[in-house]
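Working through the structure, step by step
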Amino acid sequence: MDRLDSDRMFVAVMEAGSFTGGAERLGTSSGQASKLVSRLEAHLGVRLLNRTTRALSPTEAGQAYYDRVRVLLDELDSLDLAIRNDSGAPRGRLRLTAPLTFGGLELAPALNDFAARFQEIELDVSFSDRIVNLVDEGFDLAVRIGRPEDSSLVSRRLCGSRLVVVAAPAYLAERGAPRTPGDLAAHDCIIDTNFRDPGRWPFGRGAEARAVPVTGRIRYSNAEACLQAAKAGLGIACVPSFVAGAALRSARVERVLQAHEVEPFGVHALYPHSRHLAGKVRALVDFLAERYRGTPSWEAGW
């Protein structure tokens, strides 16, 4: 275990950039951190760190050793978790990141049910639209909407959703319903500034896919706020179906331009590659896949 302690301390010091920072990560003193790294260097017969009064920097051998030993420690930790979890109910702290709106509307109720079923798992959930680095920031799992872009992560599709264009019945009675995307030029559009290109809404599929310019006097950086404005009769909004579902079922808004909608997009669970997937992560991914199997609840009853 002494060798493992030395390896873990070396990794912590490398990642923190100092003995003090590495010691804080592992709950010990800077003196003990220095002693463990020195012991590792003596065992290997090579200097791993260049030490000055101002900073630490890895030697060539130190960088090479760090690159290899970090992977081995990650694998060892994953194996340890897998064995522990396979011997009983999944347990431990599970850190999850998910988009703000989807998280609050749809994921939180599912997570509450999961927490009730798996009482040995501690959930630590961050709802944010920022794309985090799972490995660097210590997350076990992410739920993301749209096509996965990080090929270093394992992706499992949970369900689909879609963008829908909606407006209140009173607005449509007064202004008329657009029949083609081009008709939106004559309408008040409620702009979601979270879109990659807020001033252009996507329509069509395959060879007919295109982006149509839209304008309007109301701009929100939140899809729920855009829907609220549409329900108030202030214009036409383009929002995800998981945001509009309840308002469509209650007829507070109506769907327009259905024939021109883009392809549905996926909701995915993503997690780092590992030979031994932790039981707590497997349990949550399987739970969500079963929860969202088939037609999503937010698209039922339209």
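Residues numbered from 1 in each chain as written. Predicted model: local features only at pLDDT ≥ 70, side-chain atom pairs only at ≥ 80, totals over all residues. Heavy atoms only, no water.

1. Overview of the overall build of the protein chain
Looking only at helices and strands, the protein chain features 9 helices and 14 strands. By the compact-globule yardstick of 19 Å for 302 residues, the protein chain is too spread out, its C-alpha radius of gyration being 25 Å. The dimensions of the protein chain, computed from C-alpha atoms along their principal axes, are 80 × 45 × 35 Å. Sequence-distant contacts, at least 24 apart, represent 74% of the contacts inside the protein chain between residues at least 6 apart. Summed over its atoms, the accessible surface of the protein chain is roughly 16,000 Å², and 48% of this surface lies on carbon and sulfur atoms. Taken as two groups, the 38 positive and 37 negative side-chain charges of the protein chain have centres that lie 1 Å from each other. (Helix = DSSP H or I, 4+ residues; strand = E, 2+ residues; numbered from the N terminus. Rg over C-alpha atoms; globule rule 2.2 N^0.38 Å. Contact = heavy atoms within 4.5 Å. Areas by Shrake-Rupley, 256 points an atom, 1.4 Å probe, with all protein chains shown as cover. Lys, Arg positive; Asp, Glu negative; His and termini not counted. Charge placed at Lys NZ, Arg CZ, Asp CG, Glu CD.)

2. Observations regarding helix 3 (residues 30–44)
Residue pairs spaced three or four apart in an α-helix point in one direction, given the helix's 3.6 residues per turn. For helix 3, spanning 15 residues, the distance from its first C-alpha to its last is 21 Å, which sits close to the expected 21 Å at 1.5 Å a residue. Within helix 3 the residues assigned to the buried category are A33, L36, V37, L40 and E41. What you see down the axis of helix 3 is that its buried residues fit within an arc of 135°, all on one side. In this structure, helix 3 carries A42 and H43 as exposed residues pointing more than 90 degrees from its buried face. Immediately downstream of helix 3, the backbone of G45 shows phi near 75°, a positive value. (Expected span 1.5 Å × (residues − 1). Buried < 20%, exposed > 50% of the residue type's maximum accessible area, 1.4 Å probe, protein only. Arc of directions from axis to C-beta.)

3. Considerations on the sheet that holds strand 11 (residues 218–220)
Across the sheet, which stays open at both edges, the 5 strands sit in the order 11-8-12-7-13 with mixed pairing between neighbours. In this open sheet, the two edge strands, each paired with only one partner strand, are strand 11 and strand 13 (254–256). On average, adjacent strands in this sheet sit at an angle of 40° to one another, irrespective of strand direction. Bridging between strand 8 (residues 189–192) and strand 12 (residues 236–240) involves 2 bridges; their strand directions are parallel. What sits directly across from I190, in strand 12, is A237. (Pairing = 2+ DSSP bridges. Axes fitted to C-alpha atoms, helices over the stretch in contact; angles between N-to-C directions.)

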